[in-house]
Amino acid sequence: MSIRERLYPQEQELSVLVRHCTDARYVWNLALEQRNSWRRGRSQKITAHSQMLELAEACKLTWLKEGSSTIQQQALRDLNQAFQNWWRRPDHFGRPTWPKEDINEGFAIRDLSTRRLNRKWGQVFISRCGWVKFRVTCEWRDIETASSARVTKDRAGRWFVSFTRLAPQIEREPTGEIVGLDMGVTHTVATSKGKFLDIPKLLTNRERQPKRRLQRKLARQTKGSNRRNATKLAISKGDRSTQRLDRVDHDLIALEDLGVKGHDPFDHGHGQEPRQERCSEVRTQQVYPRTGLGYVPQTAH
């Protein structure tokens, strides 16, 4: 379970946080390239321990010695865990990929230390940065029991700290009720009991118009320019990525799982079967990512 809080670093602390993100991304990408280049038949295998030793040698001779070794080593641990997850459950976890600048910015804090200032504010200790303030929006005892944390920056330039802790036990009496969920476009979710659940629009009509104007402006600007970066920042500030559905409280929930990977939505009808009726379900499934339905399994409990 993760508790996400807004982080408010001072002006002198921003450069240190950016440096930590750069070091973590560089170490991750370099270690990932080394693992991808390994082939069967080579005598020396690449493991997390061998990469730790190579990182220690690199820190003595390169600019990496100016950064935090704790954060750099944690990036290697995260990469190793990502490969372990992919090998054990390839159906659930994907192959580790390359984090990109200004998109996948963040680093992990292993030895976590926090302290409370007052009812609304707290501080977390970050290596070579000191105590950084964050907004407290949940119970402080939940933050105190966290074992580790992760600092991230979104595309809008906002900083967050996510505290990791064990999920609390939910006390409830079993009812024996079973429900099935069918995802659609007109209604986000339709239950087997005839109830409809709808996700609110991610953007209203009033919010959609300035976003389209900024996207047209972005298409005319030069890649890599400061003005293009400012336009991308303005677009990201107006986005609302997720909204929650009402909770569905049952002992057993069955989700629709329609495989459309091998289906052709542009296939022509055969015989008397109309083409529109044969492909309507496939097209419906392809509209799911644009309606925010990727979050439905996370919100139905």
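Residues numbered from 1 in each chain as written. Predicted model: local features only at pLDDT ≥ 70, side-chain atom pairs only at ≥ 80, totals over all residues. Heavy atoms only, no water.

Visitor: Got a sec to walk through the side chain of Lys153? Specific residues and values, please.
Guide: Within the secondary structure layout, Lys153 lies in strand β6 (residues 148–153). An unpaired buried charge is present at Lys153: no salt bridge exists, and Asp102, the closest side chain of opposite charge, is 4.0 Å distant. Not counting chain neighbours up to four residues away, the residues in contact with Lys153 comprise Asp102, Glu105, Arg158 and Trp159. (Helix = DSSP H or I, 4+ residues; strand = E, 2+ residues; numbered from the N terminus. Buried < 20%, exposed > 50% of the residue type's maximum accessible area, 1.4 Å probe, protein only. Lys, Arg positive; Asp, Glu negative; His and termini not counted. Salt bridge = Lys/Arg side-chain N within 4 Å of Asp/Glu carboxyl O. Contact = heavy atoms within 4.5 Å.)

Visitor: I'd like a description of the packing of helix α1 (residues 11–36) against helix α2 (residues 48–61), backed by residues and values.
Guide: Interaxial distance between α1 and α2 falls to 12 Å at its minimum, and their mutual angle equals 125°. In terms of axis orientation, α1 runs oblique to α2. Relative to α2, α1 is oriented so that their crossing is right-handed. Contacts between α1 and α2 pair Val27, Ala31, Gln34 and Arg35 from the former with Ala48, Gln51, Glu54 and Leu55 from the latter. (Axes fitted to C-alpha atoms, helices over the stretch in contact; angles between N-to-C directions. Parallel < 35°, antiparallel > 145°, perpendicular 65-115°, else oblique. Left-handed = near helix turned anticlockwise from the far one by under 90°.)

Visitor: Tell me what's going on with the sheet that holds strand β3 (residues 114–116), and back it up with residues and numbers.
Guide: Adjacent strands of a sheet pair through backbone hydrogen bonds, lying either parallel or antiparallel. Strand order in this open sheet of seven strands is β2-β6-β7-β1-β5-β4-β3, and the pairing throughout is antiparallel. Of all the strands in the sheet, the pair left with one neighbour each is β2 (105–109) and β3. The sheet shows a mean angle of 35° between the axes of neighbouring strands, direction not considered. Summarising the sheet, strand β4 (residues 121–126) and strand β5 (residues 130–135) pair through six bridges and their orientation is antiparallel. Looking at the pairing, Trp121 lines up with Arg135 of β5. Along the sheet, α1 makes contact with β1 (2–8), β2, β4, β5 and β7 (159–164), crossing β2 at roughly 90°. (Pairing = 2+ DSSP bridges.)

Visitor: How would you explain the sheet that holds strand β9 (residues 189–191) if you had to name every residue and give the values?
Guide: Read from one edge of the open sheet, four strands run β10-β9-β8-β11, paired in mixed fashion. With one partner strand each, in any of the chains shown, β10 (196–197) and β11 (252–255) form the two edges of the open sheet. Bridge analysis of strand β8 (residues 178–183) against β9 gives three bridges, and the strand direction is antiparallel. Paired with Leu181 across the bridge in β9 is Thr191.

Visitor: Tell me about the pairing of β6, and name the residues and values.
Guide: Relative to β6, β2 runs antiparallel, the two sharing five bridges. Bridging across to β6, Glu105 finds its partner in Lys153. Hairpin geometry of β6 and β7 is characterised by an intervening segment of five residues between the two adjacent antiparallel strands and by a positive phi of about 85° at Gly157.

Visitor: Quick one: what's the story with the pairing of β8, residue by residue and with numbers?
Guide: What you see with β8 is a clean split: Val179, Leu181 and Met183 sit on the buried side and Ile178, Gly180 and Asp182 on the side with no burial. Between β8 and the antiparallel strand that follows it, β9, lie five residues.

Visitor: Can you break down the nonpolar core residue by residue, with the values?
Guide: Counting 33 residues, the largest nonpolar core has Leu7, Phe107, Ile126, Phe134, Val151 and Phe163 as its most contacted members. The leading source of residues in this core is α1, at seven residues. Not counting the four nearest positions on each side in its chain, Val151 is found in contact with Leu7, Glu105, Gly106, Phe107, Ile109, Ile126, Trp159, Phe160 and Val161. (Core = buried A, V, L, I, M, F, W, Y, C linked by side-chain atoms within 4.5 Å.)

Visitor: Talk me through the pattern of salt bridges; I want residue IDs and the actual numbers.
Guide: Under the defined criterion, the tally for this structure stands at eight salt bridges. Close ionic contact of Glu66 with Arg19 constitutes a salt bridge, the shortest N to O distance being 3.7 Å. Here Arg19 lies in helix α1 and Glu66 lies in the loop between α2 and α3 (69–88), a separation of 47 residues in the sequence. When its relative accessible area of 52% is taken as the criterion, Glu66 is described as exposed. Given a relative accessible area of 25%, Arg19 falls into the partly exposed group.

Visitor: Describe the environment of Thr145, naming the residues involved and giving the relevant values.
Guide: Tracing the backbone through its elements, the reader meets Thr145 in the loop between α4 (140–144) and β6. Expressed as a C-alpha distance, the spacing of Thr145 and Leu166, which sit 21 residues apart in the sequence, is 8.5 Å. A distance of 3.2 Å separates a polar atom in the side chain of Thr145 from the backbone oxygen of Arg141. (Polar contact = N/O pair within 3.5 Å; in protein donor to acceptor, adjacent residues only side chain to side chain.)

Visitor: Kindly report on the confidence of the model for the chain, identifying the contributing residues and their values.
Guide: In the predicted model, the chain carries a mean pLDDT of 80, and 79% of its residues have values of at least 70. By mean pLDDT, helix α8 (residues 296–299) is the weakest element of the chain at 49, and β4 is the strongest at 94. With pLDDT under 50 throughout, residues 289–295 is counted as low confidence; its partners more than four residues away or in other chains account for eight contacts. (pLDDT = per-residue confidence, 0-100.)

Visitor: Help me get a handle on a positive patch on the surface, residues and values and all.
Guide: There is a patch of like positive charges on the surface, built from Arg212, Arg213, Arg216, Lys217, Arg220 and Arg227. Take the positive patch: its biggest share by element is five residues, from helix α5 (residues 205–220). In this fold, Arg227 is placed in helix α6 (residues 226–237). Judged by relative accessible area, Arg227 falls into the exposed class, the value being 70%. (Patch = residues over 30% accessible without salt bridge, like charges linked within 9 Å, V, L, I, M, F, W, Y side chains within 5 Å. Areas by Shrake-Rupley, 256 points an atom, 1.4 Å probe, with all protein chains shown as cover. Charge placed at Lys NZ, Arg CZ, Asp CG, Glu CD.)

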